[in-house]
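Architecture and fold: a report
One-letter residues, chain by chain:
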Amino acid sequence: MDSAVEQQFLQDTQLIHPPAEKIGVIVVDSFPALGTLAAMRFIEWAQDHPEGVIALPTGKTPEHFIKEVTRLRDGWNSVEIRRETEAWGIDPRRGCELGGLHFIQIDEFYPINPLHHNSFYYYVNHFYLEGFGLDPDRALLIDCSRIGLPEGRTLEDVWANDEVDISLRHRMARSRAERQQKEVIERVDQWCVEYEDRIRSLGGIGFFLGGIGPDGHIGFNVRGSDLYSTTRLTTINYETQAAAAGDLGGIEVARKRLVITIGLATITYNPECVAIIIAAGEAKAGIVAEAVQAERHVRFPASALRALPAARFYLTRGAAKDLQNRRLATLSASPSPEDVEQVVIDLAVAKQKKIEGLKEKDFGDSPFAAGLRAAGLESVREICARVDRSLKAKIEAGTHTMANTIFLHTEPHHDDLMLGYLPFIVRHIRDHSTRHYFATLTSGFTAVTNQFMLRQCRKLKSHIKSSAFRELEVLGYFDPGNRVFRNRDVWQYLDGVAAGSRTMKDDGEMRRLYRNLVELYEEEDRQSLEDRIEELINYFETQYPGKKDLPYIQQLKGMCREWEADCLWGYFGWSGESVRHLRLGFYTGEIFTEEPTVARDVAPVLKLLEEVHPDVITLALDPEASGPDTHYKVLQTVTEAIRLYEGKSGRKDLQILGYRNVWYRFHPSEADIFVPVSLNMFALQESAFRNTFISQKSASFPSYEHDGPFSELAQKIQVSQYQTLKTCLGREFFNEHTSALIRATRGMVFLKKMSLEELYEHSRKLRQSTENL
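These remarks concern the structure in this document. Nothing here was measured: the structure is a model prediction, and the numbers come from that model. (Residues numbered from 1 in each chain as written. Predicted model: local features only at pLDDT ≥ 70, side-chain atom pairs only at ≥ 80, totals over all residues. Heavy atoms only, no water.)

Here we look at the pattern of salt bridges
Side chains carrying opposite charge are able to pair once their charged atoms draw close together. Selection criterion: The working definition used for a salt bridge is a side-chain nitrogen of Lys or Arg within 4 Å of a carboxyl oxygen of Asp or Glu. Strands here mean DSSP runs of E at least two residues long; helices mean DSSP runs of H or I at least four residues long; both are numbered from the N terminus. Throughout this description, buried means an accessible area under 20% of the type-specific maximum (1.4 Å probe, protein chains only), exposed means over 50%, and partly exposed covers the range between.
Within this structure, the stated rule accounts for 61 salt bridges. With a closest N to O distance of 3.1 Å, E6 and R312 form a salt bridge. Residue E6 is found in helix α1 (residues 4-9), and its partner R312 is found in strand β10 (residues 312-316); the two are separated by 306 residues along the sequence. Between D388 and K392 there is a salt bridge, with the nearest N and O atoms lying 2.9 Å from each other. Of this pair, D388 and K392 both sit in helix α16 (residues 380-399), four residues apart, roughly one helical turn. Look at D388 and you get buried, because its relative accessible area is 9%.

Set out below in structure tokens:
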């Protein structure tokens, strides 16, 4: 049956753009619009199937879907909601009663306590069974505490350290404990078979809504999964572990977890299933394009959904940007200079040719390059010459430094600046006519693990017994308001870095941690603080990884990150007066974060602008729904503060520099300044990161793209960007350049220069795509 809701979006476009696309796609303008479309389609389906079987996703992906279904249900009888649903083709007289639906939990980590707030069992109970008014008696849930365990035994009894050795499924047990574990695995496997049977006995899933993971996974059906897979206990790959690290309290925990997941054949068992995959943001564009356009293959789990006539991808424009036929249609209409540059660069890289060596035949081999010719642009030679000149001009811009300039470098998290464009900062710091301020806008506490804090507190417990520490107390050294002593913490630590002395580094580190406790607890009495340290040790020993911390623990973790930033900029001679920690209030650690407000979040940034009067302001410039949503919210906050500052000061000459780092990167066509990076700078980046961001050295919350510290990934990205330019311009341009700076180049940092009006326009468009405003 055709969907009236979907027809609202398909009036001016088609569902599938052949031959490239092999599954239906609907593209909307914004992330909230994605939630509205999915919510309306869900309610439309539920009206037609009041006792149907549904499976809904967990995590951050369904945020707007959940909010929209809740909004519509709560206001169903209001005039406004009735008009809205009628406009979507839904009959409001049929009601919005969901209590008759059967709910299927899609997946769960194993083992995990179902009472833990980071379990999917807890999530679906809170947001779906309670939030949507579903009947618990009609729900099939995955409660790990009730699956496969012998009577009287708990998950903790069977799985020491929450670690499951899945090889026991096929090998002989070597001990009594292993015999019990092998038996439990067999029982879990049998439970999975029975779970699958129960789903099929209901006729299979009628409405499936899911996201798509960084490797293309649907549910926990990761890349390489059998397209005919059923419900099972299984392992997951690194990309999926990295994506789950934030929920589970670190990659160390995620590596140990198995998962229970329904299979791809579970989803497709009912041929009438409405299976919808929702994806937002340019960061998902590549994996979405493969899922929609590639041949049916185990590398692309979502390709299994093509067996369902009603399967769809609901996408934002950013997530759809790599869909070939849709991009071609846009390109052929009116290619911008940036479009032209992107196509030519991509063609040169694909052909592994210098841009000036591209010929008419090369253009003919690419549908996008051929589209440029069809649009009536200049000759191939003229197009290539223009792009070649543009890239060289951007490199030239990156070799210049500004003098007599005040910089305000802003970052959402404490390592965003160094991972984004440290080479640019260092080269400008060397000009002593410049002044620099470094502002971190959030507390960043979610990046600090309990295990790290436990090690720190145990170290402090031992350290404060030293006579040297007692002498500092007598001096009043730990007065939180004493800036001189506060800076001395940093200098002591950096002296230890220079000397290669673990003792000196520990001394500086523990001085700051003790100072933080004095400030946090407003205590100066040693015995009271020793008691507090014991309390903290007990807390970090007993809290399960991934649990939301108490506010004062969040503050303490954030202070540890602030210490790291102080040390980083101390590396280059900047004291605490130049390093600002704003701790904006929207950053709370909730799964669905709050929106920034002017009074709470914009006001502190405006105050900082009025204090330092910068000439250049830098900010993280990630596209819609790419990377942490903290980046987007910080961008909107800083933009609004700049707008207010411009209005108050009358300054229209402010220069804006946008940067990206490990979460997303500029295409060369999008950036204006290419900053050369030498091997010497790479060594500095790596040393500075490992010596200052001590909570991040173990990469507990890594990128799915790299199994290691972010500093390694940043270098990998910068090298890749250089390799792209070397292909486009030829190695001779770099190796035989008259400038030693260019000859020494082995990496590139990309920056985007903007005027105030360009920033406002960029921010406005981004806000439209993210908030539907």
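Remarks on the state of the cysteines
Heads up, the condition is: Any two cysteine sulfur atoms lying within 2.5 Å of each other are counted as a disulfide.
Evaluated as defined, the whole model comprises zero disulfides. Distance from the sulfur of C144, which forms no disulfide, to the nearest cysteine sulfur (C192) is 9.6 Å. Owing to a relative accessible area of 1%, C144 belongs among the buried residues under this scheme. Just so you know, C384 is unpaired, no disulfide at all, and the nearest cysteine sulfur is the one on C728, 10 Å from it. Overall, C384 belongs to the buried group, its relative accessible area being 3%.

Details of the sheet that holds strand β3 (residues 102-104)
Operational definition: When DSSP finds at least two bridges between two strands, those strands are taken to pair.
Read across the sheet, seven strands follow the order β1-β10-β9-β6-β2-β3-β5 without closing on themselves; strand pairing throughout is parallel. At either end of the open sheet lies a strand with only one pairing partner, and these are β1 (24-28) and β5 (139-140). As paired strands, β1 and β10 are joined by five bridges and run parallel to one another. Directly across from V25, in β10, lies its bridge partner F313.

Observations concerning the packing of helix α21 (residues 502-521) against helix α23 (residues 551-570)
For clarity, the threshold we go by: In this analysis an axis means a line fitted to C-alpha atoms, helices contributing only their contacting stretch, and an angle means the value between N-to-C directions, from 0 to 180 degrees. What makes a crossing left-handed is the near helix being turned counterclockwise from the far one by less than a right angle; a clockwise turn instead makes it right-handed. We call two residues in contact when some of their heavy atoms are within 4.5 Å. Under this grouping Gly is polar, as are all residues other than the nonpolar Ala, Val, Leu, Ile, Met, Phe, Trp, Tyr, Cys and Pro and the charged Asp, Glu, Lys and Arg.
Put simply, α21 and α23 touch, their axes get as near as 10 Å, and they point 140° apart. Considering the relative orientation of α21 and α23, their crossing is right-handed. Residues G508, E509, R512, L513, N516, L517, E519, L520 and Y521 of α21 lie in contact with α23, whose contacting residues are Y552, Q555, L556, M559, C560, W563 and D566. Here the residues of the contact of α21 with α23 are counted per class, giving nine nonpolar, three polar and four charged.

Some words on the packing of aromatic side chains
Filter applied, for reference: A pair of aromatic rings is counted whenever rings of Phe, Tyr or Trp (Trp by its six-membered ring) have centres within 6.5 Å, and the orientation is called stacked for planes under 30 degrees apart, edge-to-face for over 60 and tilted otherwise. Charge-over-ring placement is defined geometrically: NZ (Lys) or CZ (Arg) within 6 Å of the ring centre, and within 35 degrees of the ring normal.
Counted according to the given criterion, the structure contains 36 aromatic pairs. Between F689 and F693 the ring centres are 5.4 Å apart and the planes differ by 35°, which places this aromatic pair in the tilted class. Given a relative accessible area of 0%, F689 falls into the buried group. Classification of F693 by relative accessible area gives buried; the value is 0%. An aromatic cluster of at least three residues, connected via ring pairs, comprises F42, W45, F65, F103, Y123, F127, Y128, F132 and F207. Against the face of F368 rests R327, its NZ or CZ located 4.2 Å from the ring centre.

Quick word on the packing of helix α20 (residues 483-499) against α21
Worth spelling out the cut-off: Angle categories are assigned with fixed cut-offs, so that under 35 degrees is roughly parallel, over 145 is roughly antiparallel, 65 to 115 is roughly perpendicular, and the rest are oblique.
At their nearest, the axes of α20 and α21 sit 6 Å apart, and the two run at 155° to each other. The pairing of α20 with α21 is recorded here as roughly antiparallel in orientation. Crossing of α20 against α21: the hand is left-handed. On α21, the residues touching F485, R486, R488, D489, V490, Q492, Y493, D495, G496, V497 and A499 of α20 are M504, K505, D507, G508, E509, R511, R512, R515 and E519. Tallied by class, residues from the contact of α20 with α21 come to six nonpolar, three polar and 11 charged.

Some remarks on the side chain of T639
Among the secondary structure elements, T639 is positioned in helix α25 (residues 629-649). Taking the relative accessible area as the measure of exposure, T639 reaches 1% and is therefore buried. Once you skip the residues sitting within four places of it in the chain, T639 turns out to touch L759, Y760 and S763.

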